[in-house]
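Coordinate analysis (summary)
Chain by chain, the residues run as shown.
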Amino acid sequence: MANSPQAKKRARQIERRTEVNKARRSRIRTFLRKVEEAITGGDQAVAVAALKAVQPEMMRGVTKGVLHKNTASRKISRLSARVKAMAA
């Protein structure tokens, strides 16, 4: 348990940041799920729109430290490949 005032403050800050990060991660997952559902549904127009919506969300997650840059890039790349393959 935190004993010093500084450690107590850091514990409070971490608690607040954890809540914010959890909400942001959940929001990103929701956007990802919408893309997945559009792909499985077979509607390319909806999938493209969902993909355009998820890209800035994921990159915002990168700048906020929720996701690693390469992870976000990899996920976006794979999703866009799957959406592009729907046309064929």
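Look up: the structure comes first, before these words.
Residues numbered from 1 in each chain as written. Predicted model: local features only at pLDDT ≥ 70, side-chain atom pairs only at ≥ 80, totals over all residues. Heavy atoms only, no water.

Re the packing of helix α1 (residues 5-41) against helix α2 (residues 44-63)
Contact geometry of α1 with α2 gives a least axis separation of 9 Å together with a crossing angle of 160°. In terms of axis orientation, α1 runs roughly antiparallel to α2. Where α1 crosses over α2, the two elements pack in a sense that is left-handed. For the pair formed by α1 and α2, the contact residues are Arg 24, Arg 27, Ile 28, Phe 31, Leu 32, Lys 34, Val 35, Ala 38 and Ile 39 on the first element and Val 46, Ala 47, Ala 50, Leu 51, Ala 53, Val 54, Glu 57, Met 58 and Gly 61 on the second. Split into classes, the residues belonging to the contact of α1 with α2 amount to 13 nonpolar, one polar and four charged. (Axes fitted to C-alpha atoms, helices over the stretch in contact; angles between N-to-C directions. Helix = DSSP H or I, 4+ residues; strand = E, 2+ residues; numbered from the N terminus. Parallel < 35°, antiparallel > 145°, perpendicular 65-115°, else oblique. Left-handed = near helix turned anticlockwise from the far one by under 90°. Contact = heavy atoms within 4.5 Å. Nonpolar A, V, L, I, M, F, W, Y, C, P; charged D, E, K, R; others polar.)

Re the environment of Ser 73
As for its placement among the helices and strands, Ser 73 is situated in helix α3 (residues 69-85). Residue classification places Ser 73 among the partly exposed positions, given a relative accessible area of 33%. Separated by 14 residues in sequence, Ser 73 and Met 59 have C-alpha atoms that sit 8.3 Å apart. (Buried < 20%, exposed > 50% of the residue type's maximum accessible area, 1.4 Å probe, protein only.)

Focus on the nonpolar core
Residues Leu 32, Val 35, Ile 39, Val 54, Met 58 and Leu 79 are the most contacted members of the largest nonpolar core, which totals 16 residues. Sorting the residues of this core by element identifies α1, α2 and α3 as the ones contributing at least two each. Setting aside its immediate chain neighbours within four residues, Val 35 contacts Ala 50, Leu 51, Val 54 and Leu 79. (Core = buried A, V, L, I, M, F, W, Y, C linked by side-chain atoms within 4.5 Å.)

Quick notes on the pattern of salt bridges
A side chain with one charge may pair with a side chain of the opposite charge, provided their charged atoms come close. Per the counting criterion, the structure on display carries four salt bridges. We note a salt bridge from Arg 27 to Glu 57, for which the minimum N-O separation is 3.0 Å. Placement of Arg 27 in helix α1 and of Glu 57 in helix α2 is noted, with a sequence separation of 30 residues between them. When its relative accessible area of 44% is taken as the criterion, Arg 27 is described as partly exposed. Using a relative accessible area of 9% as the deciding quantity, one classes Glu 57 as buried. In this structure, Arg 60 and Glu 57 form a salt bridge, with 3.0 Å as the shortest nitrogen-oxygen distance. Within this pair, Arg 60 and its partner Glu 57 are both found in helix α2, separated by three residues, close to a single helical turn. One connected set of salt bridges, linked through shared partners, spans Arg 27, Glu 57 and Arg 60. (Salt bridge = Lys/Arg side-chain N within 4 Å of Asp/Glu carboxyl O.)

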